[in-house]
Amino acid sequence: MEAIILAGGLGLRLREKVYEEPKVLAETAGKPFIFHVLEYLYRNGVTHAVLAVSYMHEKIIASVGNYFLGMTIDYSVEKEPLGTGGAIKEAMKKCREDFVFVLNGDTVFDVDLREMYKTATKDRLTIALKYMDNADRRGIVETQNGVVTYFKEKEPGKSGTINGGIYLIDRKIPLAKKKKFSFEYDFLEKNCDRLIPFVSDGYFIDIGIPEDYERAQREVPGMLTGRKGKAAFLDRDGTININTGHLFRREDFVFTQNAPEAIARLKEQGYYITVISNQAGVAKGMYTENDIAKLNEFINKKLRSYGVIIDSFFHCPHHPEGTVKEYTVDCDCRKPKPGMIFKAVDYYKSLGIEIDLSQSILIGDKDSDIQSGETAGVGKCIKAENNIFPEI
């Protein structure tokens, strides 16, 4: 899935709290707010995001980069203010899929995007809605029998169902002929008959004003905790790729038979794809952890052509008989010990995802892989053989 994040706002109402940063970089619960937005997208299966940026865009690009939690990040830079509609129209040029999510970079609305994606309809637009007692700063939407009958951007003094600021758009919809326009006033208000309502009671926070920014500091840390998930723990050498012995060069990397397609199926089944790999070559001075990171990025680049990426990589650089002193230890992460699995569980927990090991699977080509999974309590452990990734 793909998403456009509108991140070009000036944040004038927030200047008293955020002085020399664009609004989306406002520190919230220990990190830039945009990181919370990106983590939300990651949890919901988005693999490619385009940030529509303008004001202080250099700072945003430097902070976020081109790769975040396995997502590829691109940028659509406005050379002049285009309005929300113009920004979306330009950013769409960097998207590849038929349907694209659009959301605001200063808001988190905990909508289940996988469920929302099921509403994708040609030549239509799905809009996420939420009931609120005070809707002063937000668009009011009325529906009847599953159809949007009324949309008014920012209607003071009203309570009711609001525009939550998340949209699923058919990329081929002609938004407007002009270059600069407001998505809310110039498109949504005039095209109620093309809107599909998707109501959610998920957590909602918009940091556009100082009071809500302060509220976010208290609420954001716990807003998405406790979400259940399952992981597919995959060995690397001999399982994902042919084991050539201490692999670290990209030119030596070759997928095992069926690996990309099988990984894509695992992702479709809702697993968080997690690589756990012994890399004793680091302890033996054959390559570095930076070399591993470069190869991991290369692997994900190849997998993207199959419509999937690995969510997280973990490796053990240790070996008790190494030659590099800092890595020559008897650790608790080298398989058959289960340390990498537990480290992965802690990592996902930090993102608000509770991995249920009993519902998870492990695939590896060595007995040490299987033993690691069984010791950790992984529900199903499968042996890969003959450089063939098992059918799932």
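Above this text sits the structure in question.
Calculation rules
Residues numbered from 1 in each chain as written. Predicted model: local features only at pLDDT ≥ 70, side-chain atom pairs only at ≥ 80, totals over all residues. Heavy atoms only, no water. Helix = DSSP H or I, 4+ residues; strand = E, 2+ residues; numbered from the N terminus. Rg over C-alpha atoms; globule rule 2.2 N^0.38 Å. Buried < 20%, exposed > 50% of the residue type's maximum accessible area, 1.4 Å probe, protein only. Contact = heavy atoms within 4.5 Å. Areas by Shrake-Rupley, 256 points an atom, 1.4 Å probe, with all protein chains shown as cover. Lys, Arg positive; Asp, Glu negative; His and termini not counted. Charge placed at Lys NZ, Arg CZ, Asp CG, Glu CD. Phe/Tyr/Trp six-rings, centres within 6.5 Å; stacked < 30°, edge-to-face > 60°. Lys NZ or Arg CZ within 6 Å of the ring centre and 35° of its normal. 1 Å grid on protein atoms, 1.4 Å probe; cavity = no way out; pocket = protein on both sides within 12 Å on 5 of 7 lines; lining within 4 Å. Points joined across faces, edges and corners; volume = space filled by probe spheres on them. Nonpolar A, V, L, I, M, F, W, Y, C, P; charged D, E, K, R; others polar. Polar contact = N/O pair within 3.5 Å; in protein donor to acceptor, adjacent residues only side chain to side chain. Salt bridge = Lys/Arg side-chain N within 4 Å of Asp/Glu carboxyl O.

(A) Summary view of the overall build of the protein. Across its full length, the protein holds 10 helices and 20 strands. For a compact globule of 392 residues, the expected C-alpha radius of gyration is about 21 Å, and the protein comes in at 23 Å, within 12% of that figure. The principal-axis extents of the C-alpha atoms in the protein amount to approximately 70 × 45 × 35 Å. In the protein, which comprises 392 residues, the share counted as buried stands at 55%. Contacts spanning at least 24 positions in sequence make up 72% of the contacts within the protein whose residues lie at least 6 apart. Accessible surface for the protein amounts to roughly 17700 Å². Of this, 48% is attributable to carbon and sulfur atoms. Taking the 54 positively charged and 57 negatively charged side chains of the protein as two groups, their mean positions are separated by 3 Å.

(B) Region of interest: the packing of aromatic side chains. Enumeration according to the criterion identifies 13 aromatic pairs in this entry. Centroid distance Phe-183 to Phe-187: 5.6 Å. Interplanar angle 5 degrees. Geometry classified as stacked. On the criterion of helical spacing, the pair formed by Phe-183 and Phe-187 is a turn pair, its members being four residues apart in helix H5 (residues 183-188). Accessibility classification places Phe-183 together with Phe-187 in one group, the buried group. For the cation-ring pair, Lys-230 lies above Tyr-271, with the distance from its terminal atom to the ring centre recorded as 4.3 Å.

(C) Expanded view of the layout of surface pockets. Considering only enclosed or pocket space, the second largest pocket measures out at about 550 Å³ in volume. Together, 20 residues line the second largest pocket, and Met-1, Gly-45, Thr-47, Lys-267 and Gly-307 are the ones closest to its centre. For the lining of the second largest pocket, the leading source of residues is helix H7 (residues 259-268), giving three residues. Tallied by class, the residues present in the lining of the second largest pocket amount to five nonpolar, eight polar and seven charged.

(D) Seen up close, empty space enclosed by the protein. Counted under the stated rule, the structure contains one cavity of 30 Å³ or more. For the largest cavity, the full set of lining residues is Arg-236, Val-275, Ser-277, Ile-292, Asn-296, Phe-313, Phe-314 and His-315. Elements with a contribution of two residues or more to the lining of the largest cavity: strand S16 (271-278), helix H8 (289-303) and strand S17 (312-316). Per-element tally for the lining of the largest cavity: the top contributor is S17, with three residues. When its residues are assigned to classes, the lining of the largest cavity shows four nonpolar, three polar and one charged.

(E) Region of interest: the side chain of Asp-235. Structurally, Asp-235 can be placed in the loop between strand S15 (227-234) and H7. A relative accessible area of 7% places Asp-235 in the buried class. A distance of 3.0 Å separates polar atoms of two side chains, one belonging to Asp-235 and the other to Lys-335. Beyond its immediate stretch of four places on either side in the chain, Asp-235 contacts Ile-240, Ile-276, Ser-277, Lys-335, Ile-363, Gly-364, Asp-365 and Asp-369.

(F) Layout of the pattern of salt bridges. Scanning the model with the defined rule gives 18 salt bridges in all. With a closest N to O distance of 2.8 Å, Lys-118 and Glu-115 form a salt bridge. With its nearest N and O atoms 3.9 Å apart, the salt bridge here joins Lys-178 to Asp-186. A relative accessible area of 45% places Lys-178 in the partly exposed class. Taken together, the salt bridges that share partners define one network made up of Glu-80, Lys-179 and Lys-180.

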